[in-house]
Amino acid sequence: MAQQSFSTQNKRRAGRAGASQTRSSQRRLQQFAIHLVLIGLGLLFSIPFLWLLSTSLKPPEQLFRLPPEWIPRPAQWNNYLRATTFIPFFRYFGNTLYIAVFNVVAVMISCSLAAYGFARIRWPGRDALFFVLIATLMIPSGVTLIPSFLIFRALGWVGSFNPLTWPALTGNAFYIFLLRQFFLTIPQELSAAAKIDGANEFQTFWRIILPLARPALAAVSLFTFLANWNDFIGPLIYLGNKEQYTLALGLYGFLGRVRTEWGMLMAASAIMIAPVMILFFFTQRTFIQGITTTGLK
Amino acid sequence: MAAFQELLRARSGRQVWRFTPAVRRDLRNGLLFVSPWLIGLLVFTVYPIVSSFYYSFTVYDIVSPAQFVGLTNYRDLLTHDPLFWITVRNTLFLVCVFIPASLLLALSLALLLNAKISGMAFYRTVFFLPSIVPDVVVAVLWAWMLNTQFGLANASLRRFGLPTIGWMTDPMWTKPSLILIALWTVGGAMVIFLAAVQDIPEHLYEAADLDGASTWRKLWHVTLPMLTPTIFFNLVLGIIGTFQAFTLSFVLTGGSGGPLSSALFYAMLLYRNAFSYFKMGYASAMAWLLFAVIFAITFLVFRTAQYWVYYEGESG
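Residues numbered from 1 in each chain as written. Chains lettered and ligands numbered in written order. Predicted model: local features only at pLDDT ≥ 70, side-chain atom pairs only at ≥ 80, totals over all residues. Heavy atoms only, no water.

Some remarks on the nonpolar core
Side chains of a nonpolar character, in soluble globular proteins, are inclined to be buried together.
Argument step 1. One finds Leu38(A), Phe118(A), Phe183(A), Phe232(A), Leu251(A), Phe287(A) and Trp37(B) to be the most contacted residues of the largest nonpolar core, which totals 202 residues.
Argument step 2. A per-element tally of this core places helix H4 (residues 89–119) of chain A first, with 15 residues.
Argument step 3. Here this core gathers at least three residues from each of two domains, domain 1 (2–56) and domain 2 (82–296) of chain A.
Argument step 4. With residues up to four places along the chain from it excluded, the contact list for Phe232(A) reads Ala248(A), Leu249(A), Tyr252(A), Val136(B), Phe246(B), Thr247(B), Phe250(B) and Val251(B). (Core = buried A, V, L, I, M, F, W, Y, C linked by side-chain atoms within 4.5 Å. Buried < 20%, exposed > 50% of the residue type's maximum accessible area, 1.4 Å probe, protein only. Helix = DSSP H or I, 4+ residues; strand = E, 2+ residues; numbered from the N terminus. Domains from an automatic or database assignment. Contact = heavy atoms within 4.5 Å.)

See the structure below:
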């Protein structure tokens, strides 16, 4: 015991002089180790992307060469052209865009209205309903799937875009929650001032709250767009006619027909990812903030 | 996460309302603003839940009217349908392996990405990007990566002199393969963890430093306890999502569920019964069993929360 405490004291004394030096070299070593780990893992995570790009440019005969080669020789840009003509790519692209944009607009309207009702007005029963809203976040979609399908079937909507678009007008619990959290942070005085100036509830919503909520609205529209761009189950269930396919469904059908045309498949995949990536790089901040608000606030 | 906190806490004392004209106006306005959602709740949530409960006791093929058959669907599922138990086993495997693995990976990556080193923005992007790739593209891309003969994965194994693996052709390997693929897209959970790590007040670490705590002890006694709400959040989302796993395996196996149905998951069998065989009553019974199981497990997880989830600023 005594020895130990002595030695620590000694170390402490000696440490005064060399402390900053050892600590910084130790930290540099630690940083170096973290760099190494991150580079290793990062490579593992990015190899699939690089392989996708490489494959998308390979001529057919190079696909099945062993061991595989990374550099496409000669680069076969034609794969991209063939991918877009083999399936009615631009039609699928247009269909997907239509569904995604419709959803963005509809979700923005319905969710911001509901969020305002939950965040900025006090009324009897509000908290109980809000509790219900949060509880619905935990209902698996599988349990509502079949009756929803039957409703749309009764409406004659199966085989059209309608089941994938109009329901968005009834909002989405996650986004209502996200917007409500944001609306709560806007000072109550602003609403009070607007009311004194004679604004009614809707005018307060439209002129005061919505303009201030732009960052949250941006996040919600971004998520909605991506969710619909990427959706597979919805189109799989509701779209029957090939003319109506979305990109996700088109790519799935493509895979089923040409299991060996990997160059073309990877080219089609690359084109489907491209808008998502571009969107991400231009809106990174909104993106990350939105995710963390859903998770944290 | 606050959403879950509100569910965790019993609602505080009920307010007594006096229906003055002002309150009545606010009630009307409030209901008007939430009415789009309220209609959706009734049409697309409440009605479906109730009616699928009813359908689960019927035989219904859409063409002819539903016929009440009592508990037949449930009995058939539990005793006569071998595929049912196969999908239950496969899905539970996924839940038990993927959820812990994804939490561990997301958390470890978040801790690494919180280090103060240069180039961090780049690293973060690299790990996050896979999570925004559409599921179908993920599946198509990995179908090629894991191709038994010409895929990159087996080519790499060969290079190191290791035996190759029938990733999606060997029934032993299909589920681990799918888990590996799903782990590639762990970025969303990772970002949530990262934000939570950055939210931990610095003074806690300073206090730990004064007490002479090692890096390891700081991780164990400061970082992890402060992250329990986030672990809880990702765990609950993971449970709800994983029990319904569908797209990856559906696309990779062309809907077949792979060799010996080894990658056939519960939601895939539900889909097959509903939309390939049009056994709507049978599929509704499956949906309700799934609902009950997810509900029970989520409920249990919520009940355990008080023992391990730490909420800062929570009073008594």
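There is more to say, and it comes next.
Thoughts on the interface of chain A and chain B
Argument step 1. Counting from both sides, the interface comprises 99 residues of chain A and, opposite them, 102 residues of chain B.
Argument step 2. Approximately 8800 Å² of surface area, both sides summed, lies buried where chain A meets chain B, with 81% of it carried by carbon and sulfur atoms.
Argument step 3. Taken together, the connections running from chain A to chain B amount to eight residue pairs in polar contact (both at pLDDT 80 or more).
Argument step 4. Residue composition of the side of chain A that touches chain B, grouped by class: 73 nonpolar, 20 polar and six charged. (Buried area = accessible area lost by both parts, 1.4 Å probe. Polar contact = N/O pair within 3.5 Å; in protein donor to acceptor, adjacent residues only side chain to side chain. Nonpolar A, V, L, I, M, F, W, Y, C, P; charged D, E, K, R; others polar.)

Considering helix H8 (residues 173–184) of chain A
Residues and elements named next belong to chain A.
Argument step 1. Compared with the 16 Å implied by 1.5 Å per residue over twelve residues, the 16 Å span of H8 between its first and last C-alpha is a close match.
Argument step 2. Along H8, nine of the twelve residues are buried, which leaves the element largely enclosed by surrounding structure.
Argument step 3. Measuring from the side-chain oxygen of the N-cap residue of H8 to the backbone nitrogen of phenylalanine 174 gives 2.8 Å; that N-cap residue is asparagine 172. (Expected span 1.5 Å × (residues − 1).)

Concerning the pattern of salt bridges
Argument step 1. Here the structure, examined in full by the defined rule, presents eight salt bridges over all chains.
Argument step 2. Note that Lys195(A) is salt-bridged to Glu201(A), the shortest N-O span being 3.1 Å.
Argument step 3. Asp26(B) is the salt-bridge partner of Arg25(B), the closest N and O atoms lying 3.5 Å from each other.
Argument step 4. On the basis of relative accessible area, Arg25(B) is assigned to the partly exposed category, the value being 42%.
Argument step 5. With a relative accessible area of 18%, Asp26(B) lands in the buried category. (Salt bridge = Lys/Arg side-chain N within 4 Å of Asp/Glu carboxyl O.)

Topic: the confidence of the model for chain A
In low-pLDDT regions, the fine details of the predicted coordinates are not to be read closely.
Argument step 1. Within chain A, residue pLDDT values average 87, and 91% of them lie at 70 or more.
Argument step 2. Scored below 50 in pLDDT, residues 1–17 of chain A makes zero contacts in the model with residues more than four places away or belonging to other chains. (pLDDT = per-residue confidence, 0-100.)

Section: the environment of Val258(A)
All names here are of chain A.
Argument step 1. Secondary-structure assignment places valine 258 in the loop between helix H13 (247–257) and helix H14 (262–296).
Argument step 2. In this structure valine 258 comes out as buried when scored by relative accessible area, which is 11%.
Argument step 3. The residues touching valine 258, leaving out its near neighbours within four places in the chain, are Phe86 and Leu265.

Some thoughts on the domain arrangement of chain A
All names here are of chain A.
Argument step 1. The domain architecture assigned to chain A consists of domain 1 (2–56) and domain 2 (82–296).
Argument step 2. Taking the mean C-alpha position of each, domain 1 and domain 2 sit 42 Å from one another.
Argument step 3. Each partner contributes residues to the interface: domain 1 has four residues there, and domain 2 has eight residues.
Argument step 4. At the boundary of domain 1 with domain 2, total buried surface from both sides reaches about 450 Å², with 88% on carbon and sulfur atoms.
Argument step 5. Sorting the residues of domain 1 by area buried against domain 2 places Leu52, Thr55 and Ser56 first, and these three jointly supply 80% of that buried surface.

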